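# Coordinate inspection notes
So you can see what is in the structure, the chains are spelled out below.
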Amino acid sequence: MPITTTKSAFWAGFWDSAPFLVVAAPFAVLFGVLATEAGLSIFETMAFSVVVIAGAAQFTALSMMEDGAPALVVLASALIVNLRMAMYSASITPYLGQVPFWWRAVAAYFLVDQTYAVSYQKFEAEPALTPMQRLGYFFGTVTPICPMWYLFTLVGALVGQQIPEAWALDFVIPIAFLALIGPMLRTGAHVVAALTAIVVALLSAGLPYSLGLVVGALAGMMAGARAELWMETRRP
């Protein structure tokens with residue numbers, strides 16, 4: 001869809017991110033189910049999704065809460081898992097940095113894996129877009145994802161244990177992240193970071209409070225940074 005106005009940019013973003021709803025909806029339902037099974041009320045479950053709005057951090061925190069981890073460990077682990085949001089923000093700021101501050105503040109809240117992945121690729125592919133067209137495109141990517149995250153979290157919280165185990169909704173989690181990560185492994189540093197995180201997370205899976213995931217994430221970030229520095233020194 002050609003982008004000529006802010007409105008056309010919005011609808012282009014909407015349709016580009018709409019396919020992610022196929023995995024985001026079951027992902028949200030699964031969180032609602034697991035959260036209520038863990039003892040959270042419907043209000044607490046919804047507050048969790050509305051305030052945090054980050055699937056990986058929510059599942060990490062929920063898993064640690066079920067394991068009886070101390071509150072500080074839960075909070076620290078969720079923050080570490082969400083450190084990628086800081087990198088998302090840094091890489092997308094050059095494209096949205098010229099829009100009014102309050103629009104950027106709202107966009108920061110809705111900067112999640114799907115909206116970032118789709119928007120960043122579009123902004124790189126079409127550098128001629130105006131700041132407001134980029135903003136319109138970004139909020140277009142938000143529309144089919146974030147409101148549905150809330151809605152399907154509520155569905156999962158209400159339905160709870162009535163969902164048959166045969167549906168195996170937990171398969172959505174790895175598929176969702178593979179769909180996001182796959183197209184973004186464009187450099188050697190990206191591949192090094194991903195492989196390091198996988199190997200270290202598997203080797204440290206026995207750590208208490210599910211800390212293996214945190215250790216893997218930190219190791220991946222450090223390995224990716226070192227690989228990128230090494231590649232920079234090798235360039236003529």
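Quick caveat: nothing in here was measured; it's all calculated off a predicted structure.

We now examine the overall build of the protein chain. Each helix and strand in the protein chain was counted, giving 13 helices and zero strands. Moving toward the C terminus, one meets the helices and strands of the protein chain in the order α-α-α-α-α-α-α-α-α-α-α-α-α. Out of the 236 residues belonging to the protein chain, those deemed buried represent 42%. Across the protein chain, contacts joining residues at least 24 apart in sequence account for 77% of those joining residues at least 6 apart. Total accessible area on the protein chain stands at roughly 12,600 Å², and carbon and sulfur atoms take up 72% of it.

Another aspect to go through is the packing of helix 1 (residues 6-17) against helix 9 (residues 131-142). For the pair helix 1 and helix 9, interaxial distance at closest approach is 6 Å and the crossing angle is 35°. The handedness of the crossing between helix 1 and helix 9 is right-handed. Here Thr6, Ala9, Phe10, Ala12, Gly13, Phe14, Asp16 and Ser17 of helix 1 lie close against helix 9, whose contacting residues are Met132, Gln133, Gly136, Tyr137, Phe139, Gly140 and Thr141. Along the lines of polarity and charge, the residues of the contact of helix 1 with helix 9 split into seven nonpolar, seven polar and one charged.

So, on to the packing of helix 4 (residues 55-66) against helix 5 (residues 71-81). Relative orientation of the contacting elements helix 4 and helix 5 amounts to 155°, with a least axis distance of 9 Å. As judged from the angle between their axes, helix 4 and helix 5 are roughly antiparallel. Like other packed secondary-structure pairs, helix 4 and helix 5 cross with a definite hand, here right-handed. On helix 5, the residues touching Ala56, Ala57, Thr60, Ala61, Met64 and Met65 of helix 4 are Val73, Val74, Ser77, Ala78 and Val81. Here the residues of the contact of helix 4 with helix 5 are counted per class, giving nine nonpolar, two polar and no charged.

Before going further, it helps to spend a moment on the nonpolar core. Ranked by size, the top nonpolar core spans 48 residues in total, and within it Ile53, Ile92, Phe110, Phe123, Tyr137, Phe138 and Phe139 carry the most contacts. If one sorts the elements of this core by residue count, helix 2 (residues 21-37) sits on top with six residues. The contact partners of Tyr137, leaving out residues within four places of it in the chain, are Ile3, Ala9, Phe10, Ala12, Gly13, Asp16, Val118, Ser119, Lys122 and Phe123.

Further remarks concern the environment of Lys122. Along the chain, Lys122 turns up in helix 8 (residues 113-125). As a C-alpha pair, Lys122 and Arg134 span twelve residues in sequence and 8.7 Å in three-dimensional space.

About the criteria used
Residues numbered from 1 in each chain as written. Predicted model: local features only at pLDDT ≥ 70, side-chain atom pairs only at ≥ 80, totals over all residues. Heavy atoms only, no water. Helix = DSSP H or I, 4+ residues; strand = E, 2+ residues; numbered from the N terminus. Buried < 20%, exposed > 50% of the residue type's maximum accessible area, 1.4 Å probe, protein only. Contact = heavy atoms within 4.5 Å. Areas by Shrake-Rupley, 256 points an atom, 1.4 Å probe, with all protein chains shown as cover. Axes fitted to C-alpha atoms, helices over the stretch in contact; angles between N-to-C directions. Left-handed = near helix turned anticlockwise from the far one by under 90°. Nonpolar A, V, L, I, M, F, W, Y, C, P; charged D, E, K, R; others polar. Parallel < 35°, antiparallel > 145°, perpendicular 65-115°, else oblique. Core = buried A, V, L, I, M, F, W, Y, C linked by side-chain atoms within 4.5 Å.

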